[in-house]
Amino acid sequence: MLNKIFIYASILFLFQSINAQINFNDLKTEFSNLDLSIGYGYNAPSTYTSTLWGNNDEVDVRHCLITNNYYDENTNSLLRTCPVGEPFSFRLGNSNNGSQSEKMSFTFKINSNNIEGFLYYKYAFILQKSLIDTLSKRQSKFRLLIYLNDELLIEPIEINANSQSQKLNTFEQPNRCIKWKDWSVEYIDLSKFSINDQLRIEFETYDCAVGQSFGYAYILPGYLEQPRKSY
């Protein structure tokens, strides 16, 4: 089983100093495009940016490549920042607030060399619940969208900090409530599509609308010749 996830991105990062900004255009991967966007005021992230940092823990960093695997303090130090068995991940958003939003988009073109394989995405997220405005439509949230040839392939997945899903963990402190999801993985069987089809996976994170609670995620998409078991 050959794992081809971001081999070149990994190698490139070895030559970057800690807390250095990465040359986004030099990240060569299995994906034809990696696009970053930001937004403000609880609006969809639509402003393009090329600012991707490496191992930067500053609260205002909004897109980050992480190789120094550690445990996230906002989950009571239970969530790894990189999935088990993987050397790195991307962090989307941060633990700062201010009604910010972020997006990371990955595009994959199907050809004769990869059509028998599987596209996958691993993700985890952390959402702080707003105790000021408790409406779900104003809470911090995580969104996942998948497009086939620029048309939505499935209904968008959207989870906000009010969710009562048993798949989410809760970490409560005085005047603070965190909802978080541990790493999970999903696979897309490319043999169901046609050569020259193009898939795009978009991840979005949002702080709450009133600007007092944060939302961010850890993500890692990639390509496999054979699928791995979920964990």
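Analysis parameters
- Residues numbered from 1 in each chain as written.
- Predicted model: local features only at pLDDT ≥ 70, side-chain atom pairs only at ≥ 80, totals over all residues.
- Heavy atoms only, no water.
- Helix = DSSP H or I, 4+ residues; strand = E, 2+ residues; numbered from the N terminus.
- Buried < 20%, exposed > 50% of the residue type's maximum accessible area, 1.4 Å probe, protein only.
- Contact = heavy atoms within 4.5 Å.
- Areas by Shrake-Rupley, 256 points an atom, 1.4 Å probe, with all protein chains shown as cover.
- Core = buried A, V, L, I, M, F, W, Y, C linked by side-chain atoms within 4.5 Å.
- Polar contact = N/O pair within 3.5 Å; in protein donor to acceptor, adjacent residues only side chain to side chain.
- Pairing = 2+ DSSP bridges.
- pLDDT = per-residue confidence, 0-100.
- Lys, Arg positive; Asp, Glu negative; His and termini not counted.
- Salt bridge = Lys/Arg side-chain N within 4 Å of Asp/Glu carboxyl O.

S.K.: How would you sum up the overall build of the protein chain? Please name residues and give values.
M.R.: Helix and strand content of the protein chain: 1 helix and 17 strands. The buried share among the 231 residues of the protein chain stands at 52%. A fraction of 74% describes how many contacts in the protein chain between residues 6 or more apart in sequence connect residues 24 or more apart. Carbon and sulfur atoms form 45% of the exposed surface of the protein chain, whose accessible area is close to 11100 Å².

S.K.: Now, about the environment of Asn-113: what can you tell me, with residues and values included?
M.R.: Position of Asn-113 among the secondary structure elements: in the loop between strand 9 (100-109) and strand 10 (118-128). We classify Asn-113 as exposed; its relative accessible area is 70%. Sequence-wise, Asn-113 and Glu-225 are 112 residues apart; in three dimensions their C-alpha atoms are separated by 9.9 Å.

S.K.: Any details on the nonpolar core? Residues and values, ideally.
M.R.: Counting 34 residues, the largest nonpolar core has Ile-188, Leu-190 and Phe-203 as its most contacted members. Elements with a contribution of two residues or more to this core: strand 2 (33-40), strand 8 (89-92), strand 9, strand 10, strand 11 (141-148), strand 16 (198-206) and strand 17 (215-224). The greatest single-element share of this core, amounting to 5 residues, is contributed by strand 10. Setting aside anything within four residues of it in sequence, one finds Ile-188 in contact with Gly-117, Phe-118, Leu-119, Tyr-121, Ile-146, Phe-193, Leu-199 and Ile-201. Core analysis: the next-biggest nonpolar cluster, separate from the first, contains 14 residues, Ile-66, Ala-124, Phe-171 and Tyr-218 among them.

S.K.: Break down the side chain of Lys-122 for me, with residues and values.
M.R.: Within the secondary structure layout, Lys-122 lies in strand 10. Residue Lys-122 is classed as buried on the basis of its relative accessible area, which comes to 3%. Of note is the side chain of Lys-122, whose polar atom sits 2.8 Å from the side chain of Glu-86.

S.K.: Run through the pairing of strand 5 (residues 63-66), naming residues and quoting values.
M.R.: Where burial is concerned, the two faces of strand 5 agree: the one with His-63 and Leu-65 and the one with Cys-64 and Ile-66 are both buried. Where strand 4 (residues 52-54) lies against strand 5, 2 bridges are found, and the strand directions are parallel. Note that in strand 5 the partner of Trp-53 across the bridge is Cys-64. Judged from the 4 bridges that link them, strand 5 and strand 8 form a sheet pairing that is antiparallel.

S.K.: How would you explain the confidence of the model for the protein chain if you had to name every residue and give the values?
M.R.: Across the protein chain, the average pLDDT comes to 86, with 85% of residues at or above 70. Confidence, read as mean pLDDT per element, is least for helix 1 (residues 7-14) in the protein chain (42) and greatest for strand 11 (98).

S.K.: An account of the side chain of Asp-207 is needed here, citing residue identities and associated values.
M.R.: Looking at the element boundaries, Asp-207 is found in the loop between strand 16 and strand 17. In this structure, Asp-207 is buried with no salt-bridge partner, the nearest side chain bearing the opposite charge being Arg-62 at 6.7 Å. If we skip the residues at most four places from it in the chain, Asp-207 touches Tyr-42, Asn-96, Asn-97, Gly-98, Ser-99, Gln-100, Gln-139, Ser-140, Ser-213, Phe-214 and Gly-215.

S.K.: Explain unusual backbone geometry to me, using residue names and the numbers behind them.
M.R.: Within the chain, Asp-150 stands out as a residue other than glycine whose phi angle is a positive 70°. Mapped onto the fold, Asp-150 is located in the loop between strand 11 and strand 12 (151-152). By relative accessible area, Asp-150 is classed as exposed at 52%. The phi dihedral of Asn-196 is positive, around 80°, even though this residue is not glycine. Position of Asn-196 among the secondary structure elements: in the loop between strand 15 (176-189) and strand 16. Residue Asn-196 is classed as exposed on the basis of its relative accessible area of 53%.

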